[in-house]
Amino acid sequence: MRFTSHRDFARAFERSLRRAGVPIAYSQGFTPHPKISYASAAPTGVASEAEYLEIGLRAPVEPEALCRALDAALSPGLDVLEAVVAGGGSLADRIEASHWRIELPGVDPQVLEKAVAAFTAADEVLVERMTKQGRRTFDARGAVIRMDTAGPVATPSVDAAVPCAILELVVRQVTPSVRPDDVLSGLRVVADLEPPVSPRVTRLAQGTLTAQGAIVDPLEADRDRATIGEH
């Protein structure tokens, strides 16, 4: 499922709303669209355990019933874990940072530790990325709040005989966004770290950021509500 693009997921989710009979609200105008707002979608090629979206409804629905109906209507691997009543404010305003795990098969953990030390010691790490506005150069270091290493560890996606270093990141939401591949580009710049095979990236969490650098679930404040009301 990591190779499913955001556009493909959006189409699948809209179909699941129709299959599940969800009373989705639509925008006004000449070409009405279902009221769905996606927050910080993961890049194609990245797995995620923490994606969030908002939907507008034209009638109240029990959150647990909505969750079950949508999960049953979606393909295996696209799993709806929870639905809550949205409180005040935008969901996007509650997404301040993301926590990522990057598996690096074939990379010695000690080599990764040295690269991480060089990256975190730098005041600025400039990387390049092609964007819709053309090739841009930006700082990958400033957005990284925490960077830790772990391993070697057993992972389900890697042969046990192959060393696999693990990199964990907490990255602040900035513009332009700093993605895991940008941080890997930064490790290549400061330490010449070049993984021999493609890394496996998983987003573990996203939400608001505490002063201690911890991430708080953006739905935490809404879990005491009983029904999803009209938006």
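A. Geometry of the overall build of the protein. On a plain count of helices and strands, the protein comes out with four helices and 10 strands. Each helix and strand of the protein, ordered N terminal to C terminal, gives the series α-β-β-β-α-β-α-β-β-β-β-α-β-β. By its C-alpha atoms, the protein is 55 × 35 × 35 Å across when sized along the principal axes. In the protein, which comprises 231 residues, the proportion classed as buried is 40%. Taking the contacts inside the protein whose residues are at least 6 apart along the sequence as the reference set, 72% of them involve residues at least 24 apart. Accessible surface for the protein amounts to roughly 12,900 Å². Of this, 50% is attributable to carbon and sulfur atoms.

B. Geometry of the packing of helix α3 (residues 109-121) against helix α4 (residues 180-191). Between α3 and α4, the least distance of the axes is 9 Å, while the angle of their chain directions is 90°. The angle between the axes of α3 and α4 places the two elements in the roughly perpendicular class. Every residue of α4 that contacts α3 at Leu 112, Ala 115, Val 116, Ala 118 and Phe 119 is listed here: Val 183, Gly 186, Leu 187, Val 190 and Ala 191. Grouping the constituent residues of the contact of α3 with α4 by class yields nine nonpolar, one polar and no charged.

C. Focus on unusual backbone geometry. Thr 175 connects to Pro 176 through a cis peptide bond whose omega is -5°. Structurally, Pro 176 can be placed in the loop between β8 (164-172) and α4. Even without being glycine, Ser 40 reaches a positive phi, approximately 50°. Topologically, Ser 40 is positioned in the loop between β1 (36-39) and β2 (47-48). Residue Ser 40 is classed as partly exposed on the basis of its relative accessible area, which comes to 24%.

D. Region of interest: α4. The end-to-end C-alpha separation of α4 is 16 Å, in line with the 16 Å expected for 12 residues at 1.5 Å each. Those residues of α4 not exposed but buried are Pro 180, Asp 182, Val 183, Leu 184, Ser 185, Gly 186 and Leu 187. Asp 192 lies just past α4 and shows a positive phi near 60°.

E. Representation of the nonpolar core in the model. Counting residues in each nonpolar core, the largest one holds 28 residues, and the members touching the most others are Leu 112, Phe 119, Met 147, Leu 167, Leu 169 and Leu 187. Elements that contribute at least two residues to this core include exactly β4 (97-105), α3, β7 (144-150), β8 and α4. Counting 15 residues, the second-largest nonpolar core is a separate cluster that includes Leu 17, Ile 36, Leu 57 and Cys 67.

F. Looking closely at the environment of Leu 184. Relative to the assigned elements, Leu 184 resides in helix α4. Separated by 117 residues in the primary sequence, Leu 184 and Cys 67 place their C-alpha atoms 36 Å from one another. Other than its neighbours up to four places away in sequence, Leu 184 contacts Ile 102, Leu 104, Leu 167 and Pro 199.

G. Seen up close, the confidence of the model for the protein. Of all residues in the protein, 92% have pLDDT values of 70 or greater, and the mean over the chain is 89. Counting contacts from residues 226-231, a segment whose pLDDT is below 50, to residues more than four positions away or on other chains yields 25 contacts.

H. Quick look at the pattern of salt bridges. Scanning the model with the defined rule gives eight salt bridges in all. Across the pair Arg 203 and Glu 51 runs a salt bridge whose closest N-O atoms are separated by 2.9 Å. Of this pair, Arg 203 sits in strand β9 (residues 200-209) while Glu 51 is found in the loop between β2 and β3 (52-55), placing the two residues 152 residues apart along the sequence. Residue classification places Arg 203 among the buried positions, given a relative accessible area of 1%. Of the charged contacts, one joins Arg 94 and Asp 222 as a salt bridge, the two residues approaching to 2.6 Å between their closest N and O atoms. Placement of the pair is Arg 94 in the loop between α2 (63-73) and β4 and Asp 222 in the segment after β10 (215-216), with a sequence separation of 128 residues.

What counts as what
- Here the residue numbers are simple positions, counted from 1 along each chain's written sequence.
- Note on the predicted model: pLDDT of at least 70 is required for a residue's local features to be given, and 80 or more for side-chain atom pairs to be given and counted; whole-chain, interface and lining totals, by contrast, use all residues.
- As a rule here, side-chain values cover all heavy atoms of the structure and leave hydrogens and water aside.
- Strands here are runs of E lasting at least two residues and helices are runs of H or I lasting at least four, both read from the DSSP assignment and numbered beginning at the N terminus.
- Think of it in three bands: residues with accessible area under 20% of the maximum for their type are buried, residues over 50% are exposed, and the middle band is partly exposed, with areas taken using a 1.4 Å probe on protein chains only.
- Contacts were defined at the residue level, with two residues in contact if any of their heavy atoms lie within 4.5 Å.
- Computed with the Shrake-Rupley method and a 1.4 Å probe, the accessible areas treat only the protein chains shown as cover for residues.
- An axis is simply a line fitted to the C-alpha atoms; with a helix, the fit covers only the stretch in contact. Between two such axes, the angle follows the N-to-C directions and lies from 0 to 180 degrees.
- Between 65 and 115 degrees an angle is taken as roughly perpendicular, under 35 as roughly parallel, over 145 as roughly antiparallel, and anywhere else as oblique.
- By the convention adopted, Pro, Cys, Tyr, Trp, Phe, Met, Ile, Leu, Val and Ala count as nonpolar, Lys, Arg, Asp and Glu as charged, and the other residues, Gly among them, as polar.
- Expected span, for any helix, means 1.5 Å times one less than how many residues it has.
- We call a set of buried Ala, Val, Leu, Ile, Met, Phe, Trp, Tyr and Cys residues a nonpolar core when their side-chain atoms join them within 4.5 Å.
- Confidence scores per residue from the predictor, reported as pLDDT, run from 0 to 100.
- What makes a salt bridge here is a side-chain nitrogen of Lys or Arg within 4 Å of a carboxyl oxygen of Asp or Glu, nothing more.

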